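Fold and contact review
So you can see what is in the structure, the chains are spelled out below.
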Amino acid sequence: MKFLANKINQPIVVIGAGGHAKVVISTLQACGSAILGFTNTSSEISSILGVPFIGSDQKIEEYNPKEILLAIGIGSIKSNNNRKRIFELWKNKNYSFAIIIHPSAIIDNNSEISEGAQILMGTTIQTGVKIKENCIINTKSSIDHDSIIHSHSHISPGATICGNVIIGTSCHIGASATIIQNIQIGEQSTIGAGAVVIKHAEKNGILAGVPAKYISNIFRE
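Calculation rules
Residues numbered from 1 in each chain as written. Predicted model: local features only at pLDDT ≥ 70, side-chain atom pairs only at ≥ 80, totals over all residues. Heavy atoms only, no water. Buried < 20%, exposed > 50% of the residue type's maximum accessible area, 1.4 Å probe, protein only. Helix = DSSP H or I, 4+ residues; strand = E, 2+ residues; numbered from the N terminus. Arc of directions from axis to C-beta. Contact = heavy atoms within 4.5 Å. Salt bridge = Lys/Arg side-chain N within 4 Å of Asp/Glu carboxyl O. Pairing = 2+ DSSP bridges. Phe/Tyr/Trp six-rings, centres within 6.5 Å; stacked < 30°, edge-to-face > 60°. Lys NZ or Arg CZ within 6 Å of the ring centre and 35° of its normal. Expected span 1.5 Å × (residues − 1).

A closer look at helix 2 (residues 81-91)
- If you check which residues of helix 2 are buried, you get Arg 83, Ile 86, Phe 87 and Trp 90. Down the axis of helix 2, the sector holding all buried residues measures 100°, keeping them to one side.
- For helix 2, the elements touching its buried residues are strand 2 (12-15), helix 1 (19-30), strand 6 (69-72), strand 10 (118-119) and strand 13 (136-137).

Some points on the pattern of salt bridges
- Under the counting rule described, the total for this entry stands at three salt bridges.
- Measuring nitrogen to oxygen at the nearest pair gives 3.1 Å for the salt bridge that ties Glu 115 to Lys 91. Highlighted residues: Glu 115 in the loop between strand 9 (112-113) and strand 10 and Lys 91 in helix 2, separated in sequence by 24 residues.
- A residue is classified by how much of its surface remains accessible, and Glu 115, at 11% relative accessible area, is buried.

Description of the sheet that holds strand 15 (residues 148-149)
- With respect to topology, six strands assemble into an open sheet ordered 1-9-12-15-18-21, the strand pairing being parallel. With partners counted over all chains shown, the strands left at the sheet margins are strand 1 (2-3) and strand 21 (184-185), one partner each.
- In this sheet, strand 21 lies alongside strand 18 (residues 166-167) in parallel orientation, the contact comprising two bridges. Paired with Ile 166 across the two strands is Gln 184, which belongs to strand 21.

What to know about the sheet that holds strand 11 (residues 124-125)
- Strands sit in the order 8-11-14-17-20-23 across an open sheet of six strands; the sheet is parallel. The open sheet is flanked by strand 8 (106-107) and strand 23 (196-197), the only strands paired with a single partner.
- Pairing of strand 11 with strand 14 (residues 142-143) involves two bridges; the strand directions are parallel. Of the residues in strand 14, the one forming a bridge with Ile 125 is Ile 143.

A few points about the packing of aromatic side chains
- Going through the model one piece at a time under the given rule, you end up with three aromatic pairs.
- Here the aromatic rings of Phe 38 and Phe 53 are separated by 5.9 Å at their centres, their planes lie at 55°, and the arrangement is tilted. Separated by 15 residues along the polypeptide, Phe 38 in strand 3 (residues 35-39) and Phe 53 in strand 5 (residues 51-55) bring together distant segments of the chain.
- Lying over the aromatic face of Trp 90, Lys 93 brings its terminal NZ or CZ to 4.7 Å of the ring centre.

A look at helix 1
- For helix 1, spanning 12 residues, the distance from its first C-alpha to its last is 17 Å, which sits close to the expected 16 Å at 1.5 Å a residue.
- Within the sequence span of helix 1, burial applies to His 20, Ala 21, Val 24, Ile 25, Thr 27 and Leu 28. Looking straight down helix 1, one finds its buried side chains confined to an arc of 160°; they lie on one side.
- Among the residues trailing helix 1, Gly 32 stands out with phi positive, at a value near 75°.

Focus: the environment of Thr 178
- The topology assignment puts Thr 178 in strand 20 (residues 178-179).
- As a C-alpha pair, Thr 178 and Ser 142 span 36 residues in sequence and 9.6 Å in three-dimensional space.
- Those residues in contact with Thr 178, other than ones at most four positions away along the chain, are Thr 160, Ala 195, Val 196 and Val 197.

In structure tokens form, the structure reads like this:
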């Protein structure tokens with residue numbers, strides 16, 4: 001596979017302390033990575049899986065951007081805008097994000113994985129797939145040949161993305177959703193859990209059901 005940034009090769013600081021942070025830390029531990037600690041807006045949680053709380057996000061600036069990598073431990077519900085904001089904030093300060101791949105993931109050698117992507121337990125990524133920056137490919141999801149998952153999108157657990165699908169920027173594909181072959185999903189769209197998408201989806205849409213239909217179309221700032 002082709003990595004469009006560095007894989008894990010430096011100590012890592014995880015941003016966030018919720019459920020997704022726990023998954024990210026567990027995945028990094030499975031990879032044998034060095035984790036310096038995690039940041040959070042409060043000190044209520046002092047440790048996650050033995051990894052210490054080190055302070056607010058401002059603590060990151062005490063580390064040389066060339067000597068550490070970052071990992072976003074914040075998931076998404078419907079909108080990925082918070083993850084996008086965090087990614088762009090620290091990129092503008094010259095920090096880099098780790099490509100995280102769980103050892104159980106199956107990834108074809110002819111795929112491309114970009115900076116900040118998180119490929120979690122039991123996922124399958126087929127030939128020709130491109131995973132862009134800061135995407136989450138979550139537990140046991142499957143992405144088939146020549147599909148493109150654009151930046152800041154989240155493919156939730158158990159979702160199935162068939163061949164030649166294009167997922168736009170900042171999309172959320174719900175748990176166990178299915179998108180059939182040759183479909184395009186517009187940016188900032190949300191696909192509900194268990195939905196089956198058989199037609200192109202315009203941007204900013206929320207779709208649900210079998211087959212999936214629009215339930216609303218709301219612009220997100």
